[in-house]
Amino acid sequence: MNILSVASEVYPLVKTGGLADVVGALPAALLPHGIKTRTLVPGYPAVLHKLKKRKKVGGFDNLFGHSATVFSAEINGLDLLVLDQPALYQRDGGPYLDTTGRDYPDNFRRFAALSLAAAEIAGDNIISGWKPDIVHVHDWQTALTPIYMRFGSAPDMPTVMTIHNIAFQGQFGASVFPELSLPPEAFSVQFLEYYGDVGFLKGGLQTATAITTVSPSYAQEILTPEFGMGLDGLLSSRVDSLIGIANGIDADAWDPQTDPHIAEHYTAGTLKRRAANRRALEERFGLDKTPGPIFSVISRLTWQKGMDLVAEVTDDIVALGGKLVVLGSGDSALEGALLAAASRHRGHIGMVTGYDEPLSHLMQAGADAILIPSRFEPCGLTQLYGLRYGCVPVVARTGGLADTVIDANEAALSARVATGFQFLPVTADGLRLAIRRVLRAYSESKVWARMQNQGMKCDVSWAKSAERYVSLYSGLLAKG
Ligand code: ADP
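The rules behind these values
Residues numbered from 1 in each chain as written. Predicted model: local features only at pLDDT ≥ 70, side-chain atom pairs only at ≥ 80, totals over all residues. Heavy atoms only, no water. Near = heavy atom within 4 Å. Polar contact = N/O pair within 3.5 Å; in protein donor to acceptor, adjacent residues only side chain to side chain. Areas by Shrake-Rupley, 256 points an atom, 1.4 Å probe, with all protein chains shown as cover. Helix = DSSP H or I, 4+ residues; strand = E, 2+ residues; numbered from the N terminus. Nonpolar A, V, L, I, M, F, W, Y, C, P; charged D, E, K, R; others polar. Domains from an automatic or database assignment. Buried < 20%, exposed > 50% of the residue type's maximum accessible area, 1.4 Å probe, protein only. Pairing = 2+ DSSP bridges. Contact = heavy atoms within 4.5 Å. Axes fitted to C-alpha atoms, helices over the stretch in contact; angles between N-to-C directions. Core = buried A, V, L, I, M, F, W, Y, C linked by side-chain atoms within 4.5 Å. Salt bridge = Lys/Arg side-chain N within 4 Å of Asp/Glu carboxyl O. Buried area = accessible area lost by both parts, 1.4 Å probe. Phe/Tyr/Trp six-rings, centres within 6.5 Å; stacked < 30°, edge-to-face > 60°. Lys NZ or Arg CZ within 6 Å of the ring centre and 35° of its normal.

A. Looking closely at the site of the ligand. Near the ligand you find 19 residues, and of these K15, G18, D21, R300 and G354 are the closest. In the model, an oxygen atom of the ligand is placed 2.6 Å from a nitrogen or oxygen of the G18 main chain. One of the backbone N or O atoms of D356 is found 3.0 Å from a nitrogen atom in the ligand. Burial of the ligand by the surrounding chains reaches 92%, relative to a free accessible area of 560 Å². Secondary structure elements with two or more residues in the shell around the ligand: α1 (18-30), β13 (294-301), β14 (323-330), α13 (357-366) and α14 (382-389). The leading source of residues in the shell around the ligand is β13, at three residues. Partitioning the shell around the ligand into residue classes produces five nonpolar, eight polar and six charged. Per-domain counts for the shell around the ligand show at least three residues from each of domain 1 (2-248 + 463-479) and domain 2 (268-457).

B. Fine view of unusual backbone geometry. For the bond from Y11 to P12, the omega torsion is 10°, close enough to zero to count as cis. Tracing the backbone shows P12 in the loop between β1 (2-6) and α1. A cis amide bond links L424 to the next residue, P425, at an omega of -5°. Position of P425 relative to the elements: it lies in the loop between β18 (421-423) and α17 (428-443). Phi angles above zero are rare outside glycine, and D139 is one such case at about 65°. Secondary-structure assignment places D139 in the loop between β6 (134-138) and α5 (145-153). Owing to a relative accessible area of 7%, D139 belongs among the buried residues under this scheme.

C. Fine view of the sheet that holds strand β8 (residues 171-172). Reading across the sheet, the three strands line up as β8-β10-β9 and stay open at both edges, with antiparallel pairing between neighbours. Of all strands in the sheet, those with a lone pairing partner are β8 and β9 (193-194), marking the two edges. Direction of pairing for β9 relative to strand β10 (residues 197-199): antiparallel, over a ladder of two bridges. The residue of β10 that forms the bridge with E193 is V198. Packed on one face of the sheet, helix α6 (residues 200-207) meets β8, β9 and β10 and runs near 55° to β10.

D. Here's a closer look at the sheet that holds strand β2 (residues 36-42). What the nine strands build is an open sheet, ordered β3-β4-β5-β2-β1-β6-β7-β11-β12; its pairing is mixed. For this open sheet the edge positions go to β3 (55-63) and β12 (242-244), each flanked by a neighbour on one side alone. Here the strands of the sheet are splayed against their neighbours by 25° on average, with no regard to which way each runs. As paired elements, β1 and β6 share four bridges and run parallel to each other.

E. Expanded view of the nonpolar core. Of all hydrophobic cores here, the largest spans 81 residues; its most connected members are L83 and L180. When residues in this core are grouped by element, the largest group, 11 residues, is from helix α4 (residues 107-123). Counting 39 residues, the second largest nonpolar core, distinct from the first, contains L301, A341, A342 and M451.

F. Local environment of the pattern of salt bridges. Per the stated rule, a full pass over the model turns up 19 salt bridges. With a shortest N-O distance of 3.6 Å, E357 and K15 are connected by a salt bridge. Of the two residues, E357 is situated in helix α13 and K15 in the loop between β1 and α1; the sequence distance between them amounts to 342 residues. One salt bridge connects E283 with K289, and the closest N-O pair in it is separated by 3.0 Å. Among the residues examined, E283 registers a relative accessible area of 55% and is labelled exposed.

G. Seen up close, the domain arrangement of the chain. Split by domain assignment, the chain resolves into domain 1 (2-248 + 463-479) and domain 2 (268-457). Of note, the centres of domain 1 and domain 2, computed from C-alpha atoms alone, are 33 Å apart. Each partner contributes residues to the interface: domain 1 has 19 residues there, and domain 2 has 16 residues. When the two sides are added together, the surface that domain 1 and domain 2 hide from each other amounts to roughly 1300 Å², 58% of it contributed by carbon and sulfur. Connecting domain 1 to domain 2 are one salt bridge. Our count for the contact surface shared by domain 1 and domain 2 stands at eight residue pairs in polar contact (both at pLDDT 80 or more).

H. Just the side chain of E377, in detail. Relative to the elements of secondary structure, E377 occurs in the loop between β16 (369-372) and α14. Looking at E377, the relative accessible area reads 5%, which means it is buried. For E377, the residues in contact, after removing those within four places along its chain, are Y218, Q304, K305, T398, G399, G400 and L401.

I. Representation of the packing of aromatic side chains in the model. Overall, the coordinates contain 16 aromatic pairs when judged by the stated rule. Centroid distance Y194 to Y195: 5.0 Å. Interplanar angle 50°. Geometry classified as tilted. Overall, Y194 belongs to the buried group, its relative accessible area being 7%. Since its relative accessible area comes to 66%, Y195 is described here as exposed. The interplanar angle of 50° and the centroid separation of 6.4 Å between the aromatic rings of W462 and Y469 together place this pair among those described as tilted. Taking the relative accessible area as the measure of exposure, Y469 reaches 1% and is therefore buried. Each member of the aromatic cluster is reached from another via a ring pair, and the members are Y96, F108, F111, W140, F172 and F200. One Lys or Arg, R38, reaches over the ring of W130 and ends 5.1 Å from the middle of that ring. The ring of F71 carries the charged tip of R54 above its face, separated from the ring centre by 4.9 Å.

Printed below as a string of structure tokens:
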């Protein structure tokens, strides 16, 4: 079976969040099932620079006003297709934001072009001798693909649309519609029209053959007004086509036995060796070498991630004898509040602003617990890395966090299955209470070590989830 996966980011080339991790790791997990994936991504500078060895496999004379080339290339076993159209993708700045942090004003065009290219590759002979059986698209940036296929290149080919975060919907003014090269009926409530605007995600969800999201709990949650962000009604009408499949992690890139970014390797049987990673972490963040748990935060600094709640409990963590290390960037007010806490509590709270993949590995290996107080969380990956590294997750009971962490309640502790802490409500007081529970468990070293062990035993790889994608794909082809 051949899959064309279409995405706006892919690890290890370009990543702003979990979407890139998933798009980068799923193909390898599908391969043993006889499923071959080619992944189409835009030719951003970061992509083209890292892919020196590439081969032209196709092109477009006129894709949104410019010619474009499709290259094939390989990295880490990923079979990539790169859409090179310099006018749209060769820019300083990130995949979505310019160097001042603002959305590129032509994002609708940049990602409509990616979607149209995908649809043409699916349907036409753009890449000679290759055609997918199914097209799998991710988030709003690629959500027009099923629409372009429906109205043109491949009306009958099955499509899967995965929602990684329903908060990002790609909503643009109606004035962009004439530029999208779609027939007028596409601007209707059955397709793109969304409260008078053009809704990319909305159109994709209306049109894709199947819809997935990245955990079973989030699939339930987005059917409600509280979490559905305006799309709960649409999703309820498509509930028969909606399924939640939890993400796995790249278990090779995230392995405390081989991780090149940590100070000392260890296993569940040699947890004492984590001490060297703790020391390296204390050095890196300028922390005092005192006992007590080190909490970590590795996150986008946003309201969604509950970072205001972390800022509110910093004094409590220190008063209770804990320490805190924070790695993240985002909202400048939240960044300011956390930096202020770090300067109030020198030696107990450290913060690094920005994005630092190697440091994020050392934090999982050296900290005792990872705080994830998200107000909503489609799946979440950092709790899965935490489980694998013996860095006990402390999570809000929502979405994928609720699905992947077993709370250390009395029943779970006596059955010896607890892997972390869940809390509700997602408020500063809820988090404070959870931190007190952590401190209590940490003071009983046997209880703590058992939780670390349970976590490290969990299978957080892609194996199980890949099987669910296999049966979804097979079902679609069988229906076809
Ligand atoms: P989201 O995609 O909503 O940001 P996820 O938990 O699904 O959240 O994925 C976040 C990914 O980004 C994880 O791999 C996490 O380790 C990584 N990450 C987040 N912030 C940083 C940072 N400042 N530095 C390094 N890695 C980060």
